[in-house]
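One-letter residues, chain by chain:
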Amino acid sequence: MSKTKQKNFKAPKGMRDILPEEQIYWEKFLKVAQRLAEDYGWQKIETPILEDVELFIRGTGQTTDIVTKQMYMLKTSGGTRLALRPEQTPGVMRAYLENGMNNLPHPVKLYYFGPMFRHEQPQAGRYRQLYQFGTETIGESAAVLDAQVIQFCFHLFRSLGLKKINTHINSMGCPQCRPAYRRALVDYFRRQKNKLCPDCQKRLKENPFRLLDCKEEKCQPVKTQAPAMLDYLCEQCHRHFKEVLELLDELEIPYFLNSALVRGLDYYTKTVFEFFLEEETQGARMALGGGGRYDNLMKELGGKPTPAVGMALGVDRIVAAMKKEGVKVSPIYNPKIFLVQLGDMGKRKSLKLFEMLHQAGIVTAESFSRDSIKTQLKIADRLGVKYSLILGQQEALDNTIIIRDMQSGVQETVPQEKIIDQIKKRLIKK
Ligand code: AMP
């Protein structure tokens with residue numbers, strides 16, 4: 001025996017187990033989201049969890065928090081530098097290029113679901129392994145596609161039973177109009193530099209748009225007076241944004257114009273949007289997801305200029321909101337009958353019968369490791385099944401089986417070969 005003290009293993013900080021009782025919410029989210037996404041014409045894609053580090057540096061952006069501070073990186077024994085994906089958009093764009101999807105009819109519409117990894121300080125609704133469900137619409141620049149992504153999210157939240165969600169929207173302009181706005185922002189904030197938090201003073205040099213995103217109390221009064229991108233949009237960006245808003249009006253989707261909404265990533269152009277829970281969590285607004293247009297990302301990754309629009313939803317937070325709102329979910333496991341077995345022969349035959357019932361589409365519960373009939377019937381009671389089937393030594397020899405009505409306690413013996421028909425008939429009647 002080793003003398004070393006046993007270690008109590010724990011999940012890594014900021015990462016967690018999602019236990020069976022929570023899975024019903026995840027299942028519901030996924031079922032509704034996938035069905036709706038497919039109905040809207042997005043098709044599922046999976047990409048690797050690990051990608052070349054450079055993909056995120058070039059794609060997500062060199063000055064973004066998720067690349068500079070939050071990326072988990074590793075070096076393979078061959079010396080390749082890989083990162084656990086902090087987001088999936090660059091991976092999907094790489095897959096589009098690598099698999100020649102540019103030859104497909106456009107727009108190419110893809111959706112994904114999976115874990116992302118960000119080395120952030122864990123807090124309410126913030127994990128280091130988080131799950132996102134996202135869509136990408138690649139190859140078209142029409143404003144109607146921006147509106148469609150927002151329409152999808154709006155209907156998804158509704159279908160999940162989440163009503164108290166606000167949509168915020170803004171435009172980040174394009175490489176033609178953004179430089180003038182950037183200058184105006186830098187001029188404005190430079191004049192107020194000593195009123196800014198240390199992080200914002202740094203952002204002023206590297207990524208002045210992120211100043212608008214700052215949550216520090218100290219920066220709030222300065223932010224409210226800052227110039228707005230909407231006043232600097234070029235003709236084309238202005239027209240595009242106006243069209244998106246008109247379409248949302250047409251769809252009767254309410255929204256807030258939010259000139260401080262910049263999103264954290266470098267690649268956005270034109271429309272950006274974010275969804276917030278109406279009710280604050282621990283004094284802060286909780287974002288359930290967001291996205292926008294990124295017309296220059298594909299070129300950044302080595303492809304031909306290809307416009308695209310997409311979004312990512314935070315599934316951990318959506319599930320938490322569903323639980324808080326008391327959204328109804330049906331259990332994944334919902335057995336209709338219970339199979340009680342007694343004695344060696346009864347047990348042996350029960351395993352086979354269980355498979356037959358399963359093949360006939362009758363979800364059957366069992367407790368094969370128990371021997372006592374009393375214990376097994378107690379479990380059946382607890383599960384709330386309508387009928388139990390009892391297969392003992394005698395029934396195994398006679399090729400019969402007992403059907404017990406759990407409510408009345410009435411029992412009837414029937415031939416085993418008729419059991420499927422008999423059960424189906426009774427379940428339909430109930
Ligand atoms: P982003 O594209 O970074 O805005 O992420 C999209 C959504 O993912 C956010 O609105 C959140 O709902 C969710 N999300 C982002 N980071 C985390 C995290 N660390 N933990 C849980 N959810 C997150």
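Cut-offs and rules
Counting from 1, residues in each chain are numbered in the order their sequence is written. pLDDT decides what is reported in this predicted model: residues at 70 or higher carry local features, side-chain atom pairs at 80 or more are listed and counted, and totals for whole chains, interfaces and linings draw on all residues regardless. Based on all heavy atoms of the structure, the side-chain values leave hydrogens and waters out of the count. Segment limits for the domains were obtained from an automatic or database-derived domain assignment. For each residue, the accessible area found with a 1.4 Å probe, counting protein chains only, is set against the maximum for its type, and the residue is called buried under 20%, exposed over 50%, and partly exposed in between. What counts as a helix is a DSSP run of H or I of at least four residues, what counts as a strand is a run of E of at least two, and both are numbered from the N terminus. Think of it this way: DSSP has to see at least two bridges between two strands before they count as a pair. The patches described consist of residues with a relative accessible area above 30% and no salt bridge, like charges being joined within 9 Å and nonpolar side chains (Val, Leu, Ile, Met, Phe, Trp, Tyr) within 5 Å. Per-residue and other accessible areas were derived by the Shrake-Rupley procedure at a 1.4 Å probe size, with only the shown protein chains allowed to occlude residues. A pairing counts as a salt bridge when a side-chain nitrogen of Lys or Arg comes within 4 Å of a carboxyl oxygen of Asp or Glu. Neither His nor the chain ends is counted toward charge; the positive residues are Lys and Arg and the negative residues Asp and Glu. In plain terms, the charge of a residue is placed at NZ if it is Lys, CZ if Arg, CG if Asp and CD if Glu. Helix axes are fitted only over the stretch in contact, all axes being lines through C-alpha atoms; the angle between N-to-C directions runs from 0 to 180 degrees. Here the angle decides the label: under 35 degrees means roughly parallel, over 145 means roughly antiparallel, 65 to 115 means roughly perpendicular, and every other value means oblique. Crossing handedness is read from the near helix: turned anticlockwise from the far helix by less than a right angle, it gives a left-handed crossing, and turned clockwise, a right-handed one. Residue contacts are counted whenever heavy atoms from the two residues lie within 4.5 Å of one another. Here the nonpolar group is Ala, Val, Leu, Ile, Met, Phe, Trp, Tyr, Cys and Pro; Asp, Glu, Lys and Arg are the charged ones; every other residue, Gly included, is treated as polar. What makes a nonpolar core is a set of buried Ala, Val, Leu, Ile, Met, Phe, Trp, Tyr and Cys residues whose side-chain atoms join them at distances within 4.5 Å.

## Considering the domain arrangement of the protein
Now for step 1: Along its sequence, the protein is carved into domain 1 (20-177 + 233-324) and domain 2 (337-429).
Now for step 2: If you average the C-alpha positions of domain 1 and of domain 2, the two centres end up 49 Å apart.

## Quick word on the pairing of strand 6 (residues 129-138)
Now for step 1: Across the 10 residues of strand 6, nine count as buried, placing the element largely inside the fold.
Now for step 2: Examined bridge by bridge, strand 5 (residues 108-117) and strand 6 share 10 bridges and lie antiparallel to one another. In the sheet register, Tyr111 faces strand 6, and the bridge partner there is Thr135.
Now for step 3: Sheet topology note: the strand 6/strand 11 (residues 308-314) ladder contains seven bridges and is antiparallel. Across the sheet, the residue bridging to Ile138 is Ala308, located in strand 11.

## Thoughts on a positive patch on the surface
Now for step 1: There is a patch of like positive charges on the surface, built from Arg370, Lys374, Lys378 and Arg382.
Now for step 2: Following the sequence through the fold, Lys374 ends up in helix 13 (residues 373-383).

## Notes on the environment of Arg370
Now for step 1: The topology assignment puts Arg370 in the loop between strand 13 (364-366) and helix 13.
Now for step 2: Placed 23 residues apart in sequence, Arg370 and Lys347 show a C-alpha to C-alpha distance of 9.9 Å.

## As for the packing of helix 5 (residues 143-159) against helix 9 (residues 235-250)
Now for step 1: Across the interface, helix 5 lies against helix 9 with an axial gap of 8 Å and an inter-helix angle of 45°. What the angle tells us is that helix 5 and helix 9 run oblique. The chirality of how helix 5 crosses helix 9 is right-handed. Between helix 5 and helix 9, the residues in contact are Ala143, Val144, Asp146, Ala147 and Ile150 and His240, Glu243, Val244, Leu247 and Leu248, respectively.
Now for step 2: Of the residues that constitute the contact of helix 5 with helix 9, the class distribution is seven nonpolar, one polar and two charged.

## A short note on the nonpolar core
Now for step 1: Judged by nonpolar contacts, the single largest core of 91 residues is most densely connected at Phe29, Phe133, Phe152 and Phe189.
Now for step 2: With 10 residues, helix 5 is the largest single contributor of residues to this core.
Now for step 3: Of all hydrophobic cores here, the second largest spans 15 residues; its members include Leu353, Tyr387, Ile419 and Ile423.

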